[in-house]
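Topology and contacts: notes
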Amino acid sequence: MTSPQSSQRIPHRPPGPRHVVSAEEIRGDPLEFLTSFADRFGPISHHSTEQGDQVYMVSTPDLVREILLAGEERFTKHETADDYMLTPLLGEGLLTSHGEQWRRQREITQPMFQRNRVEQFAPQITDAAVALAGRWSTASKNEPVHADLDLTALALEVVALAILGSDLSGVGQGFGTAVDAVNAAMSHGDPRDTPDDPTVIGHYAAFDRAKRTIDRIVALLIDARKFLGAADSGPSDLLSVLLDARDPATGEPLSAEELRAQVMTMVMAGHETTAKALTWSLYLMTQHSGVAAEVRNEIDTVVGDRPVSLGDLPSLGLCRSVLQESMRLYPPIWVISRRAVHDDQLAGFDVPAGSLVTVSPWVMHRSSDYWPEPDSFDPSRFLSDDGPAPFTYLPFGGGPRVCLGRGFAQLEAQLVFATLCQRLKFDLWPDHVIEPQALVTLRPSNGLLLSVEPRVTP
Ligand code: HEM
C-alpha cells in the first residue's frame with residue numbers, strides 16, 4: 001500500500017518515541033502502553049513497530065470521529081489485527097470483510113438485528129439466566145463460582161439460540177470446549193510476532209482442531225435448519241434472514257461458505273463481549289455494596305419476585321446505568337484499529353498509505369478531559385438526560401462499522417444482570433485478585449471467582 005508520494009518526502013509526523021517499539025513493550029501491559037502514549041504525546045502520536053508498521057494513536061473525540069466516520073474508502077479494517085486474528089477462524093464474515101464486500105454484507109445482515117426481531121428472544125434469555133441463577137444458588141459454599149466461565153457459556157447458549165434456533169446442549173460440550181480453545185489460541189496475539197515459538201505452534205494446532213469441530217457443528221446446524229425449516233412456534237431465528245437474503249447484484253442466495261462465515265461471525269462476536277460486560281458488572285457489584293443495594297431495591301420495586309421481562313427494562317434505569325458504567329471502566333473491546341487506504345492527513349500530520357490508526361475505548365473512557373474522576377465507579381453519570389459527549393464513549397465503536405449486535409447485547413445484558421441481581425447476592429471469593437488483562441477482549445486475568453448467596457425463593 002505504499003505510494004510514490006510517501007517515498008519522495010519525509011512525512012510530517014506527530015510526537016512519539018524515537019525507538020522502534022517491540023512487541024514485548026506493548027504486550028507486557030497494553031493498557032498502560034496506550035495510556036502512557038496519550039499522556040506523554042497528546043492527542044495524536046506516532047511510533048514504528050518491529051514488524052514495520054507505522055502506528056498513529058489518537059485520543060480526542062474529533063479525531064476519533066474523523067477515523068470512525070470516514071468509512072472503508074479512507075480507513076479500512078483490511079490487514080488490521082482483527083483481520084489477522086479472526087479471518088483464519090471466521091473467514092470473510094462481516095467483522096473481517098472490507099471494502100465493497102463488507103458493504104454488501106452489512107446490507108444483508110442488518111435486518112437480522114432489527115429491534116422487534118431481537119426482542120422476541122427476551123423470554124428465552126430470562127429463562128437461561130434464571131437457570132444459571134438456580135445453579136449458582138445451589139453451588140457448594142466451599143467452592144467459588146467461576147462466574148466468567150459460566151457467563152461465557154450462557155452468552156454462547158443465548159447467541160446460538162437466537163442465530164440458529166438451536167439449543168446447543170444438544171451437541172454436548174463439544175461446541176463450548178472448541179470455542180474456548182479457539183478463544184485461547186486467538187488470545188495469544190498476532191501470529192506474526194512469534195511464528196516459531198513452540199507454545200504458539202501448540203496453540204495453533206489446538207486452534208486447527210477446534211476450528212474443524214466448530215465448522216462441522218455449524219454446518220450441521222445450518223443443514224438441519226434448512227432441512228427442517230423454521231420452528232413452528234416461538235421466535236423466528238436470525239438465520240432465516242440470511243437464508244432468505246438475495247445478493248442485490250446477482251439475485252443469488254448466499255453460498256454455503258458465506259452462510260458459514262456469517263453465522264460463525266455472529267456467534268463468535270456475539271458471546272465473548274457480552275459475557276465480559278456482564279462479568280465486569282458483577283465484579284463492580286462486589287466492590288460497591290451501596291450501589292448493589294440500590295440495584296436490588298430497584299429490581300424489587302419494579303419486578304418483585306416474578307421473572308424479569310422486556311417490559312420491565314425501561315423502568316430499570318439503574319441496572320442499565322451500571323452496565324453502561326461498567327463498559328466505560330472496562331470496555332470489552334479496548335482498541336479499534338484501521339489502516340489508511342491512501343496517503344492521508346490527521347490533525348495536520350501526514351499519515352502515509354498503509355499506516356495503522358488506532359482508537360482506544362480504554363483511553364477515551366478513562367480520560368479526565370471528558371470524565372470527572374474517571375477512575376471511580378459512578379453509574380449516575382449515565383442517569384442524566386444528556387448522555388456522554390459524542391465520540392467519548394465507544395463500547396460499541398462508532399460510524400458505519402458500529403457494532404451490529406449492540407441492541408441484542410444490551411437487551412441480553414440487562415435481562416441477565418437484572419435476573420442475577422434479583423435472585424442472588426455476590427461477594428468476591430476471599431483473596432481472589434482482579435487485574436484487567438487486555439487480550440482479544442478485556443477480561444479479569446484470573447477469571448472472576450465469586451461466592452454467591454441466594455436472595456429470594458422464586
Ligand atoms: C457488550 C457486548 C458487545 C460489545 C462491547 C461489542 C463491541 C463491538 C465493537 C467495538 C465493534 C466495532 C469494532 C470496530 O469498529 O473495529 C463491534 C462490531 C461488531 N459486533 Fe459487536 N459487541 C458486542 C456484542 C455483539 C453481539 C451480541 C453481536 C452479534 C450477535 C455483535 C456483532 C458484531 C458484528 C457483526 C460487528 C462487525 C460490524 C461491522 O464491521 O460492520 N456484537 N462490536
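Here goes a summary of the coordinates provided. Please read these numbers as outputs of a predicted model, since none were measured by experiment.

Topic: the overall build of the protein
- Looking only at helices and strands, one finds 18 helices and 12 strands in the protein.
- Here the protein has a C-alpha radius of gyration of 22 Å; the compact-globule value for 458 residues is 23 Å, and the two agree.
- Taken along the three principal axes of its C-alpha coordinates, the protein extends 75 × 55 × 45 Å.
- Relative to its 458 residues, the protein shows a buried fraction of 41%.
- For the protein, long-range pairs separated by at least 24 residues make up 76% of all intrachain contacts whose partners lie at least 6 apart in sequence.

Topic: helix α14 (residues 272-287)
- Along its 16 residues, α14 runs 23 Å from first to last C-alpha, staying within 8% of the 22 Å computed at 1.5 Å per residue.
- Of all 16 residues in α14, 13 are buried; the element is thus mostly enclosed.

Side note on unusual backbone geometry
- The backbone of glutamate 79 sits at a positive phi, close to 60°, despite the residue not being glycine.
- Looking at where glutamate 79 falls in the secondary structure, it is placed in the loop between β3 (75-76) and α5 (81-90).
- Residue alanine 347 is not a glycine yet carries a positive backbone phi of 50°.
- Note that alanine 347 resides in the loop between β6 (344-346) and β7 (349-351).
- For alanine 347, a count of 15 C-beta atoms within 10 Å puts it in the partly exposed group.

Thoughts on helix α13 (residues 256-269)
- For α13, spanning 14 residues, the distance from its first C-alpha to its last is 20 Å, which sits close to the expected 20 Å at 1.5 Å a residue.
- Burial of α13 is extensive: 11 of the 14 residues sit out of reach of the surface.

A look at the environment of isoleucine 217
- Considering the arrangement of structural elements, one finds isoleucine 217 in helix α11 (residues 198-228).
- Among the residues examined, isoleucine 217 registers 20 C-beta atoms within 10 Å and is labelled buried.
- Between the C-alpha atom of isoleucine 217 and that of phenylalanine 175, which follows or precedes it by 42 residues, the distance is 7.3 Å.

Remarks on the pairing of strand β8 (residues 356-359)
- Where strand β2 (residues 54-58) lies against β8, 4 bridges are found, and the strand directions are parallel. Within the sheet, the bridge partner assigned to methionine 57 lies in β8 and is threonine 358.
- Both strand β5 (residues 336-340) and β8 contribute to a ladder of 4 bridges, which runs antiparallel. The partner of isoleucine 336 across the bridge, within β8, is valine 359.

Details of the environment of tyrosine 393
- By the secondary structure assignment, tyrosine 393 is in the loop between α17 (361-365) and α18 (406-423).
- For the pair tyrosine 393 and leucine 161, spaced 232 residues apart in sequence, the C-alpha separation works out to 30 Å.
- Look past the residues within four positions of tyrosine 393 in its chain and what remains in contact with it is Arg328, His365 and Pro388.

A look at the site of the ligand
- By nearness alone, 23 residues border the ligand, and Gly270, Thr273, Gly397, Cys403 and Gly405 come closest of all.
- Breaking the shell around the ligand down by element, the ones donating at least two residues are α13, α14 and α18.
- Classifying every residue of the shell around the ligand gives 15 nonpolar, 6 polar and 2 charged.

Details of the sheet that holds strand β4 (residues 145-146)
- If you walk across this open sheet you meet the 3 strands as β4-β12-β9, and the pairing is antiparallel. Of all strands in the sheet, those with a lone pairing partner are β4 and β9 (424-428), marking the two edges.
- Relative to strand β12 (residues 449-454), β4 runs antiparallel, the two being bridged by 2 bridges. Counterpart to valine 145 in the pairing with β12 is leucine 450.
- Against the sheet, α14 contacts β9 and β12, and its axis sits at roughly 80° relative to β9.

Here we look at the sheet that holds strand β1 (residues 44-48)
- Ordered by their spatial adjacency, 5 strands build an open sheet running β1-β2-β8-β5-β3, and the pairing between neighbours is mixed. In the strand order of this sheet, the two ends are held by β1 and β3, each with one partner.
- Direction of pairing for β1 relative to β2: antiparallel, over a ladder of 5 bridges. Bridge pairing in β2 links isoleucine 44 to valine 58.

Some thoughts on the environment of glutamine 437
- Here glutamine 437 shows up in strand β10 (residues 436-438).
- A tally of 15 C-beta atoms within 10 Å means that glutamine 437 is categorised as partly exposed.
- C-alpha separation for the pair glutamine 437 and phenylalanine 377, spaced 60 residues apart in sequence, amounts to 19 Å.
- Those residues within four positions of glutamine 437 in sequence are excluded, and the remaining contacts are Arg443, Pro444 and Ser445.

A look at the packing of helix α16 (residues 317-329) against α18
- At a minimum axis separation of 10 Å, α16 and α18 run at an interaxial angle of 115°. It follows that α16 is roughly perpendicular to α18 by the angle criterion. Of the two elements, α16 crosses α18, and the hand of that crossing is right-handed. Counting all contacts with α16, which are made through Cys319, Arg320 and Leu323, the residues of α18 involved are Ala413, Gln414, Phe417 and Ala418.
- Broken down by class, the residue content of the contact of α16 with α18 amounts to 5 nonpolar, 1 polar and 1 charged.

Remarks on the packing of helix α9 (residues 147-164) against α13
- Contact geometry for α9 and α13: axes closest at 9 Å, N-to-C directions at 150°. As the angle between them shows, α9 and α13 are arranged roughly antiparallel. Remark: the crossing between α9 and α13 carries right-handed chirality. In this structure, α9 uses Val159, Ala160, Ile163 and Leu164 to contact α13, whose residues at the interface are Val263, Met266 and Val267.
- Taken together, the residues of the contact of α9 with α13 sort by class into 7 nonpolar, no polar and no charged.

Points about the pairing of β1
- Across the 5 residues that make up β1, a large majority, 4, are buried.
- The antiparallel hairpin formed by β1 and β2 contains 5 residues in its connecting segment, where glycine 52 sits at a positive phi of about 90°.

Reading the values: the criteria
Residues numbered from 1 in each chain as written. Predicted model: local features only at pLDDT ≥ 70, side-chain atom pairs only at ≥ 80, totals over all residues. Helix = DSSP H or I, 4+ residues; strand = E, 2+ residues; numbered from the N terminus. Rg over C-alpha atoms; globule rule 2.2 N^0.38 Å. Buried ≥ 20, exposed ≤ 12 C-beta atoms within 10 Å, placed from the backbone. Contact = placed C-beta atoms within 7 Å. Expected span 1.5 Å × (residues − 1). Pairing = 2+ DSSP bridges. Near = placed C-beta within 6 Å. Nonpolar A, V, L, I, M, F, W, Y, C, P; charged D, E, K, R; others polar. Axes fitted to C-alpha atoms, helices over the stretch in contact; angles between N-to-C directions. Parallel < 35°, antiparallel > 145°, perpendicular 65-115°, else oblique. Left-handed = near helix turned anticlockwise from the far one by under 90°.

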